[in-house]
2 protein chains.
Amino acid sequence: MSRTLHLNAFLMGVGHHEAAWRHPHTDPSRVGDVRHFQELARIAERGTLDSVFLADGLAVGPAVRHNIQAVFEPLTLLAALATATDHIGLIATVSTTYNEPFNTARKFASLDHLSGGRAGWNIVTSAQSREAWNFNLDEHPAHADRYRRAAEFVDVAIKLWDSWEDDALVLDTAAGVFADTDRVHEVGHAGEAFKVRGPLNTPRPPQGRPLLVQAGSSPDGIAFAARYAEAVFTAQQTLADSQAFYAALRRATTAAGRDPDLVKVLPGIAPVIGGTEAEAQALAAELEALIVPEHALAQLSGMTGIDLSGYPLDGPLPDLPDVTSVQAHQSRYQLVVELARRERLTLRQLIGRLGGGRGHRVVAGTPEQIADQIELWFTEGAADGFNVMPPLLPSGLADFVDHVVPLLRARGLFRHEYTGRTLREHYGLPRPASSYATRELVTA
Amino acid sequence: MSRTLHLNAFLMGVGHHEAAWRHPHTDPSRVGDVRHFQELARIAERGTLDSVFLADGLAVGPAVRHNIQAVFEPLTLLAALATATDHIGLIATVSTTYNEPFNTARKFASLDHLSGGRAGWNIVTSAQSREAWNFNLDEHPAHADRYRRAAEFVDVAIKLWDSWEDDALVLDTAAGVFADTDRVHEVGHAGEAFKVRGPLNTPRPPQGRPLLVQAGSSPDGIAFAARYAEAVFTAQQTLADSQAFYAALRRATTAAGRDPDLVKVLPGIAPVIGGTEAEAQALAAELEALIVPEHALAQLSGMTGIDLSGYPLDGPLPDLPDVTSVQAHQSRYQLVVELARRERLTLRQLIGRLGGGRGHRVVAGTPEQIADQIELWFTEGAADGFNVMPPLLPSGLADFVDHVVPLLRARGLFRHEYTGRTLREHYGLPRPASSYATRELVTA
Ligand SMILES: Cc1cc2nc3c(=O)[nH]c(=O)nc-3n(C[C@H](O)[C@H](O)[C@H](O)COP(=O)(O)O)c2cc1C
Ligand SMILES: Cc1cc2nc3c(=O)[nH]c(=O)nc-3n(C[C@H](O)[C@H](O)[C@H](O)COP(=O)(O)O)c2cc1C
């Protein structure tokens with residue numbers, strides 16, 4: 001089959017627009033109702049999307065005053081969605097900075113077993129500095145240190161998933177042999193941050209390993225993705241920027257000795273859909289009018305690490321330090337600064353532009369116009385697919401599934417039905433062999 | 001309403017008997033099938049049991065060769081069961097030794113939100129020394145140190161659950177106020193093991209706090225339970241021992257300034273049910289014959305911390321060190337040693353006695369005989385209810401629900417239908433107020 005799009009439904013509360021919860025089309029009380037998320041997962045499955053995708057954060061600050069936040073922890077929520085769906089992948093964001101590899105590897109294995117092979121892990125190093133305060137630290141570890149820990153963390157997790165070979169579970173009732181312990185391996189990891197003996201306390205998951213997704217687009221993030229990621233979630237504002245990112249990631253992947261076709265690049269896209277272009281623009285304007293500026297400025301201050309509350313809304317973004325000094329979230333910082341400079345935006349205009357997708361690209365238009373943009377990026381080397389971020393939920397997801405997906409199917413860009421059962425199969429990615437199995441073959 | 005029994009369905013693989021998976025009534029391949037557990041949860045709900053209960057362990061050793069083990073991690077499995085059931089409580093075991101309080105508090109809050117108030121946490125400090133090796137340590141922390149950490153861990157978790165007052169989620173769309181930040185509190189914990197600023201990143205869970213269950217019956221365990229537990233899971237072999245434990249826990253609870261009626265004592269019971277007593281005995285004998293002795297000895301070596309593999313099966317348990325020197329699981333060690341001495345058991349007899357319930361009491365008999373034993377312990381001050389540990393699953397649970405529960409109902413000991421919606425309501429326990437709300441009232 002020729003190259004096809006991959007589309008995830010990125011779910012967040014009652015919509016990705018920061019003022020979604022104030023809009024009459026949403027019911028914010030549903031943010032803590034599992035049935036809301038089950039409904040969203042079923043809509044996404046009706047659209048044969050590759051996965052539902054959940055972000056995460058391990059702290060809240062004063063911004064919670066004005067904006068909806070996640071009530072559910074991603075892995076528990078996705079376990080609940082696993083039993084309400086049959087095919088769709090389930091991708092949870094989990095930080096390597098404030099977790100342990102044994103517990104994390106195990107939870108993803110559990111989700112993969114529960115869902116029959118539909119688990120994916122979006123690997124992040126934590127975007128918010130304030131998370132440190134909930135985990136015994138006074139300061140967020142430095143950017144480079146977080147990525148070094150992340151690499152070792154994933155090394156350990158892979159060893160643990162591989163520690164049970166695929167056929168280790170024997171279940172020989174006559175002989176009383178439950179597992180063939182010759183095929184269950186201690187992993188004996190001893191590194192800079194972790195010492196983990198293993199094996200994992202669960203048989204190898206259906207996918208061998210969950211799909212490894214990554215988000216974090218700084219140079220360190222790209223280097224990490226080149227080594228580990230099978231899908232990369234990224235925020236890109238322009239075709240040219242995304243093409244550059246796409247090319248850079250492929251070069252880095254090749255340099256790391258991996259096939260770049262096996263790493264899918266998925267920018268975020270926040271589609272504001274209208275029956276006509278004017279309707280779409282009106283919806284975008286309605287949402288923008290609902291933004292609480294002080295909240296948006298607090299968010300922007302968080303992204304940039306600079307307190308912007310004193311600056312006039314109708315003035316420009318002040319001069320900011322160089323990106324290399326940023327310790328939290330480098331790529332988002334750079335994107336915001338470049339966006340403001342390129343389009344000479346006032347602070348008010350900037351927060352309006354960011355409100356729809358926290359830095360991700362917002363496209364307002366008819367279903368055809370949205371499909372055109374998706375096709376353009378897909379065919380012009382800017383994307384292998386998208387994390388779809390509806391401004392309002394469920395309505396924006398239903399609109400996408402019912403009006404945009406059929407166009408993408410008609411153009412031969414997207415599946416008409418699921419052809420695989422696992423998330424790896426949806427992505428057209430191979431099931432990895434256990435590294436221990438390979439080793440045994442080599443020495444045999 | 002007069003005092004009534006509380007019954008949890010303790011689920012483990014295809015049965016609690018260590019050889020359950022070899023018995024023709026079970027299908028061991030279902031140990032990794034979520035539908036098996038959904039079926040079990042629905043059977044338990046049909047019996048209006050208080051909860052399903054899951055144990056946990058964070059390591060496997062060579063014993064995995066001969067015995068079935070858990071495939072699923074408890075919180076993800078219970079999240080999947082939450083959406084397959086309506087009333088039954090969901091109790092997960094999580095160790096305070098190898099987790100972080102922020103992540104743990106949050107996952108239980110998430111499960112409580114997902115299930116509409118049905119989450120319970122069985123707090124343990126980890127029974128197996130080998131878990132240390134999966135978490136950067138060479139040795140399991142000493143018994144007393146683990147309990148000290150556990151107390152601080154739960155202190156932090158309680159502060160985090162309380163950090164959002166019940167009415168903090170305002171959702172005032174007109175004013176753009178999502179949460180009333182005057183009612184969302186930093187917890188500012190700084191103690192010996194943890195420094196956690198908070199608040200939690202989720203609104204207060206439906207039950208305020210999940211039900212706090214505890215397992216670990218050493219003197220340190222009892223002191224911990226007296227301070228924190230609302231239900232206590234314990235292994236007791238005889239009526240007299242359980243009465244002594246029951247009384248000791250009540251005394252300690254009173255001494256800790258709490259109402260002992262609000263702490264439910266739940267011994268484990270492994271009911272081997274037959275239409276006649278002879279049938280029940282035959283099933284018990286069948287199961288015992290399926291035990292792999294070398295496996296049982298390895299298990300026993302694990303429980304006692306002494307390598308017993310060299311000792312003759314038909315000789316006595318050798319002399320063992322004093323319980324106070326035991327660092328892993330003191331109460332189980334003591335129970336095993338006393339059982340062997342009291343009944344002058346050979347090693348072979350001892351492993352037969354332990355095979356049915358890992359030290360928990362095994363009762364083989366007709367439904368009437370099982371109900372009699374339950375009633376006796378309940379009325380004679382030995383138990384407020386039981387963790388029911390069917391030897392075979394699902395058959396043993398179905399037998400209990402369909403044949404023993406109706407007797408308990410007819411005797412006025414157990415509910416005919418659910419009268420509450422939350423796990424706390426099933427247990428007749430109050431919903432705790434947020435400690436921050438109280439403080440505000442005091443200073444107002
Ligand atoms: C598109 C995108 C999505 C991200 N999502 C999350 C997230 O959900 N949670 C989180 O803690 N970090 C998230 N991150 C940031 C990662 O934590 C990242 O490891 C860290 O901030 C460094 O990002 P950088 O490589 O762009 O500097 C995201 C990053 C990107 C680019
Ligand atoms: C009835 C019972 C059940 C237990 N279940 C578990 C369990 O599932 N996982 C675990 O790590 N520890 C479990 N424990 C042991 C606890 O980890 C306990 O904190 C530790 O071993 C000390 O036990 P002790 O107080 O009896 O010495 C259990 C203990 C008892 C008495």
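The rules behind these values
- Note that residues are indexed from 1 along each chain, following the sequence as it is written.
- Working convention: letters from A go to chains and numbers from 1 go to ligands, in the order in which they are written.
- For a predicted model such as this one, the threshold for reporting local features is a pLDDT of at least 70, and the threshold for listing and counting side-chain atom pairs is 80 or more; totals across whole chains, interfaces and linings nevertheless cover every residue.
- Side-chain numbers come from the whole structure's heavy atoms, not from hydrogens or water.
- Residues are counted as near a molecule or strand when any one of their heavy atoms sits within 4 Å of it.
- Polar contact is the term for a pair of N or O atoms within 3.5 Å; when the atoms are in protein, one must be able to donate a hydrogen and the other to accept it, and sequence-neighboring residues count only if both atoms are side-chain atoms.
- All accessible areas in this document rest on Shrake-Rupley with a 1.4 Å probe, and a residue is counted as covered only by the protein chains that are shown.
- Just so you know the grouping, Ala, Val, Leu, Ile, Met, Phe, Trp, Tyr, Cys and Pro go in nonpolar, Asp, Glu, Lys and Arg go in charged, and all remaining residues, Gly too, go in polar.
- We call two residues in contact when some of their heavy atoms are within 4.5 Å.
- Buried area, as used here, totals the accessible surface that two parts lose on assembly, with accessibility defined by a 1.4 Å probe and the loss added over both.
- Should a side-chain nitrogen of Lys or Arg be within 4 Å of a carboxyl oxygen of Asp or Glu, the pair is scored as a salt bridge.
- Note on conventions: DSSP H or I runs of at least 4 residues are helices, E runs of at least 2 residues are strands, and numbering of each starts at the N terminus.
- An expected span of 1.5 Å times one less than the residue number is assigned to each helix.
- Bend angle per residue: angle between axes fitted to the 7 residues ending at that residue and the 7 residues starting there.
- A simple rule labels every residue: compare its accessible area, found with a 1.4 Å probe on the protein chains alone, to the largest value its type can have, and call it buried under 20%, exposed over 50%, or partly exposed in between.
- A least-squares fit on C-alpha atoms brings the copies together, and the residues used are those whose pLDDT is at least 70 in both copies.
- UniProt positions are given in the numbering used here, feature names are shortened, and annotations may be inferred rather than shown by experiment.
- When the centres of two rings from Phe, Tyr and Trp lie within 6.5 Å, Trp using its six-membered ring, the rings pair. Their planes under 30 degrees apart give stacked, over 60 give edge-to-face, and anything left gives tilted.

With that settled, consider the site of ligand 1. All names here are of chain A. With respect to spatial proximity, 23 residues lie near ligand 1, and among them Asp56, His143, Tyr147, Ser218 and Ser331 are the closest. Residue Tyr147 places a side-chain N or O atom 2.6 Å away from an oxygen atom belonging to ligand 1. A distance of 2.6 Å separates an oxygen atom of ligand 1 from a polar atom in the side chain of Ser218. Summarising the interface, the protein chains cover 95% of the accessible area of ligand 1, which totals 600 Å² for the free molecule. Considering only residue class, the shell around ligand 1 consists of eight nonpolar, 12 polar and three charged.

Taken together, the contact pairs 69 residues of chain A with 68 residues of chain B. For the chain A and chain B pair, buried surface summed over both sides reaches about 6,100 Å², with 56% attributable to carbon and sulfur atoms. Where chain A touches chain B, the interface holds six salt bridges. Between Asp56(A) and Arg106(B) there is a salt bridge whose closest N-O contact spans 2.6 Å. Where chain A packs against chain B, one counts 38 residue pairs in polar contact (both at pLDDT 80 or more). Of all the secondary structure elements, the ones that give two or more residues to the side of chain A that touches chain B are α1 (34-46), α2 (74-82), α3 (101-115), β5 (169-172), β6 (177-179) and β8 (195-196) of chain A. With seven residues, α3(A) is the single largest residue contributor to the side of chain A that touches chain B.

Turning our attention to helix α12 (residues 395-410) of chain B. Every α-helix carries 3.6 residues per turn, so stepping three or four residues along brings you back to the same face. Residue and element names in this part refer to chain B. The first and last C-alpha atoms of α12 sit 22 Å apart over 16 residues, in line with the 22 Å expected at 1.5 Å per residue. At Val404, α12 shows its strongest bend, of approximately 35 degrees, with the proline Pro406 following within four residues. Listed as buried for α12 are Gly396, Leu397, Ala398, Phe400, Val401, Val404, Val405, Leu408 and Arg409. On its buried face, α12 sits against β1 (6-10), α1 (34-46), β11 (264-273), α11 (367-379) and β13 (385-388). Gly412 sits one or two positions beyond α12 and adopts a positive phi of about 75 degrees.

The next subject is the site of ligand 2. Residue and element names in this part refer to chain B. Asp56, His143, Tyr147, Ser218 and Ser331 are the nearest of the 23 residues found near ligand 2. Tyr147 is positioned with one of its side-chain polar atoms (N or O) 2.6 Å from an oxygen atom of ligand 2. Between ligand 2 and Ser331, the relevant distance is 2.4 Å, taken from an oxygen atom to a side-chain nitrogen or oxygen of the residue. Alone, ligand 2 offers 600 Å² of accessible surface; in the complex the protein occludes 95% of this.

What follows concerns the relation of the copies chain A and chain B. Rotating chain A by 180 degrees and moving it 0.0 Å along the rotation axis overlays it on chain B with an RMSD of 0.0 Å. The operation mapping one copy onto its partner corresponds to a two-fold rotation axis. Every residue of chain A has its C-alpha some distance from the rotation axis, and the shortest such distance is that of Ala80(A), at 2.2 Å.

What follows covers the UniProt feature "domain: Luciferase-like" (unreviewed entry) in chain A. Sequence positions flagged by UniProt for "domain: Luciferase-like" (unreviewed entry) are, in local numbering, residues 28-378 of chain A. Split by type, residues 28-378 of chain A is 41% helix and 15% strand. Its first and last C-alpha atoms lie 34 Å apart.

A few words now on unusual backbone geometry. Look at the link from Leu393(A) to Pro394(A): it is a cis peptide, with omega at 5 degrees. Tracing the backbone shows Pro394(A) in the loop between β13 (385-388) and α12 (395-410). In this structure, Pro199(B) follows Gly198(B) across a cis peptide bond, with omega equal to -5 degrees. Mapped onto the fold, Pro199(B) is located in the loop between β8 (195-196) and β9 (211-215).

All right, on to the pattern of salt bridges then. With the rule as written, the count across this model stands at 50 salt bridges over all chains. For the salt bridge of Lys107(B) with Glu73(A), the shortest nitrogen-to-oxygen distance reads 3.0 Å. Of this pair, Lys107(B) sits in helix α3 (residues 101-115) while Glu73(A) sits in the loop between β2 (51-54) and α2, placing the two residues on different chains. A residue is classified by how much of its surface remains accessible, and Lys107(B), at 10% relative accessible area, is buried. Overall, Glu73(A) belongs to the buried group, its relative accessible area being 3%.

Once that is clear, we can look at the environment of Phe224(B). Along the chain, Phe224(B) turns up in helix α5 (residues 219-228). Residues Phe224(B) and Ile123(B) lie 101 residues apart in sequence; the distance between their C-alpha atoms is 10.0 Å.

If you walk through the whole model with that rule in mind, you get 28 aromatic pairs over all chains. Look at Trp121(A) and Phe153(A): their rings are 5.8 Å apart centre to centre, the planes differ by 55 degrees, and that puts the pair in the tilted class. Of this pair, Trp121(A) sits in strand β4 (residues 119-124) while Phe153(A) sits in helix α4 (residues 143-162); the two residues are 32 residues apart in sequence, bridging distant segments of the chain. Just as Trp121(A) is buried, Phe153(A) falls in that class too. Seen from their ring centres, Trp377(B) and Phe386(B) are 6.2 Å apart, and the 50 degrees between their planes marks the pair as tilted. This pair shows no difference in class: Trp377(B) is buried, exactly as Phe386(B) is. Joined through ring pairs, the aromatic side chains of Phe108(A), Trp121(A), Phe153(A), Trp161(A) and Phe194(A) make up one cluster.

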